[in-house]
Amino acid sequence: MPLGRTPYPDGAKNSGFYFGAKFGKEPGLWLIDPWGKKLAGAPISEQARRELLAMRQGEAAHAHRMPERDGDAISRHLDSITLEQDLMETYGLSRETVRTFLSPVAGGGSGLGADALSAYAEYAADVLLPWDYTKGAQMFPGGNAGVARHIVKVLIPDALSGAGTLEGVCKSIVNLSALDRAGHAARIRVRSTAVAVQHDTEPGKSRSVKVVYTQDGKLYSLRARSVIMAGGSWTTKHIVKNLPAAHRDAYAQFYRAPCLMANVALRDWRFLYKLGISECQWFEGIGNYTAVRKMATFGPLSSTVGPESPVVLTLKILFSSPGLPIGEQVMRGRAEPLSTPFREYERRIREQFILMFSEAGFDARRDIAGIILNRWGHAYLSAQPSFFFGKDGRPAPGEVLRNTPFGRIAFANSDLTGIMDHRASILEAHRAVGQVVSQVTA
């Protein structure tokens, strides 16, 4: 049975769709290899079946053109409509089909459903940061932690004892005492949170910036010639004091959506193998999809993954409320994981698995070894229409912050690009460094 390298299903023969009470099926119904069977046997309307198959086969998209460059007529049109409108126009889908079967998976890379997002959010990464899809996807141990560790290894070599390779930096224990040494060009102050950043005098004339931070319950301050605010939009707008109106208005257009990543450790996955699947998708309850995947590892570990092997299934849980304004959606979404205790999520996940898999021999008490929840209150930049190129002659919010440092304070973070990608964060940081260096050397 083929396994992918991500928790995202790709719709192969080893895929399954689950239809439950929402579709009038109690007990639920599994449709294995749904696309190969052209959705025959799915308890959905004939209209929905035709629409989904046309989208999957690309029949309705023959005239659809991808943006060729950032800012061209196609990309600007896409930024003027929602992703939901784009899906409806491109594939002939009804709004009901989009919201029942595609949301929030469509737009999941931006944290919300298609109804609230700029259509260009679905294309921006491929236009600005083209990816060679022929190489396939790969997820690394620790996610983007390896990227951050490489950066620290270059800046402060003693902080990580291993070699400057992915395996070396990921397996090294961080030497915390090496991170913040007097006299070093680069210093990382751990257990510290910046709470205020402010020019000493009038921003246009100030020769320094005061940074106030907390550490171990006490307040400290230091002065810098320049500062780069590389944190997210939801904190920067509060930390930097006396922001000009243009910057405040720009930050008011940044919406960050929450995400809950649930990792469910299983002692084996025989119940999935019995169904003939290693990946699946469902359309009601908690989560939307999961997949058994080959994990990247370091060292002499077994390269074989069988149904008797322990695995971790990842559920990416988003909090969209189709039809509501984007601001209300992200606030409602953030309130849920903040107010819901672990035991409630554990109950929902266990019940979801029992509902879908018990007929195939799944036993929650026996098969679940553990559940880990990662709650990200501001996980994704959710770009609404006009976020990328502005509206009615006004500049895009990212352009305001990118092109206009506030005195000796420059702004970075992948927020400004609208793409949740470490490459975007690095490019924005490189640009911001150039801005502050030009100030210091002027």
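In what follows, the structure referred to is the one given above.
Keep in mind it's a predicted model, so treat the numbers as computed, not measured.

**Q** Any chance you could explain the sheet that holds strand β11 (residues 368-381) here in plain terms?
**A** In a beta sheet, neighbouring strands are held together by backbone hydrogen bonds and run either parallel or antiparallel to one another. Strand order in the open sheet made by the three strands is β10-β7-β11, with antiparallel pairing throughout. Taken across any chain shown, the strands that pair with only one partner, and hence form the sheet edges, are β10 (311-318) and β11. Pairs of neighbouring strands in the sheet enclose a mean axial angle of 20°, with direction left out of account. Two elements, strand β7 (residues 256-266) and β10, share eight bridges in a ladder whose sense is antiparallel. Opposite Cys259, over in β10, you have Leu318 as the bridge partner. Of the strands in this sheet, β7 and β11 touch helix α11 (residues 326-339), which is tilted by about 35° from β7.

**Q** Got a minute to help me understand unusual backbone geometry in this structure?
**A** Generally, phi is negative for residues other than glycine and the peptide bonds are trans, each holding for most cases. Between Glu26 and Pro27 the backbone carries a cis peptide bond, its omega angle lying at 0°. Relative to the assigned elements, Pro27 resides in the loop between β1 (15-19) and β2 (29-32). With a phi close to 50°, Asp216 is a non-glycine residue in the positive phi region. Assignment of secondary structure puts Asp216 in the loop between β4 (209-215) and β5 (218-224). Of note, Asn242 is a non-glycine position whose phi angle comes to about 60°, a positive value. Following the sequence through the fold, Asn242 ends up in the loop between α8 (233-239) and α9 (245-251).

**Q** What's the story with the environment of Arg267 in this structure? I'm lost.
**A** When you line up the elements, Arg267 lands in the loop between β7 and α10 (270-275). A relative accessible area of 43% means that Arg267 is categorised as partly exposed. The sequence separation of Arg267 and Pro307 amounts to 40 residues, and the corresponding C-alpha distance is 9.7 Å. Leave out the neighbours within four places in its chain, and Arg267 touches Glu308, Ser309, Pro310, Arg365, Arg366, Asp367, Ile368 and Ala369. In this structure the side chain of Arg267 is engaged in a polar contact, spanning 3.1 Å, whose partner is the backbone oxygen of Ile368.

**Q** So what exactly am I meant to see when it comes to a nonpolar patch on the surface here?
**A** A cluster of nonpolar side chains, Ile151, Leu155 and Ile426, forms an exposed patch at the surface whose accessible area comes to about 270 Å². With respect to the secondary-structure elements, Ile151 resides in helix α6 (residues 145-155).

**Q** In this structure, what is going on with the side chain of Glu51? I would like to understand it.
**A** Structurally, the position occupied by Glu51 is in helix α1 (residues 46-57). No salt bridge forms around the buried Glu51; measuring N to O, its nearest opposite-charge neighbour Arg50 is 6.7 Å away. One polar contact links the side chain of Glu51 to the main-chain amide nitrogen of Ser94, over a distance of 3.0 Å. Side chain to side chain, Glu51 and Thr97 meet in a polar contact 2.7 Å long. Sequence-distant contacts of Glu51, that is, excluding residues within four places in its chain, are made with Gly92, Leu93, Ser94 and Thr97.

**Q** Can you help me understand the nonpolar core in this one?
**A** The nonpolar side chains of a soluble globular protein tend to be buried with one another. Ranked by internal contacts, the top residues of the largest apolar core, which has 34 residues, are Tyr120, Val197, Met229, Val240, Phe388, Ile409 and Phe411. When contributions to this core are tallied by element, the ones reaching two or more residues are α2 (73-79), α5 (124-128), β4, β6 (227-229), α9, α14 (397-403) and β12 (409-411). Other than its neighbours up to four places away in sequence, Ile409 contacts Val197, His199, Val209, Val227, Met229 and Val240. Formed by 32 residues, the second largest nonpolar core is a distinct cluster that contains Tyr18, Ile32, Cys280 and Phe362.

**Q** What is the right way to look at helix α4 (residues 95-102) in this model?
**A** Helical geometry: 3.6 residues make up each α-helical turn, so side chains three or four residues apart lie on a common side. Taken as a whole, α4 has its buried residues at Thr97, Val98, Thr100, Phe101 and Leu102. Buried residues along α4 sit against β1, α1, α3 (83-91) and β8 (279-282).

Calculation rules
Residues numbered from 1 in each chain as written. Predicted model: local features only at pLDDT ≥ 70, side-chain atom pairs only at ≥ 80, totals over all residues. Heavy atoms only, no water. Pairing = 2+ DSSP bridges. Helix = DSSP H or I, 4+ residues; strand = E, 2+ residues; numbered from the N terminus. Axes fitted to C-alpha atoms, helices over the stretch in contact; angles between N-to-C directions. Contact = heavy atoms within 4.5 Å. Buried < 20%, exposed > 50% of the residue type's maximum accessible area, 1.4 Å probe, protein only. Polar contact = N/O pair within 3.5 Å; in protein donor to acceptor, adjacent residues only side chain to side chain. Patch = residues over 30% accessible without salt bridge, like charges linked within 9 Å, V, L, I, M, F, W, Y side chains within 5 Å. Areas by Shrake-Rupley, 256 points an atom, 1.4 Å probe, with all protein chains shown as cover. Salt bridge = Lys/Arg side-chain N within 4 Å of Asp/Glu carboxyl O. Lys, Arg positive; Asp, Glu negative; His and termini not counted. Core = buried A, V, L, I, M, F, W, Y, C linked by side-chain atoms within 4.5 Å.

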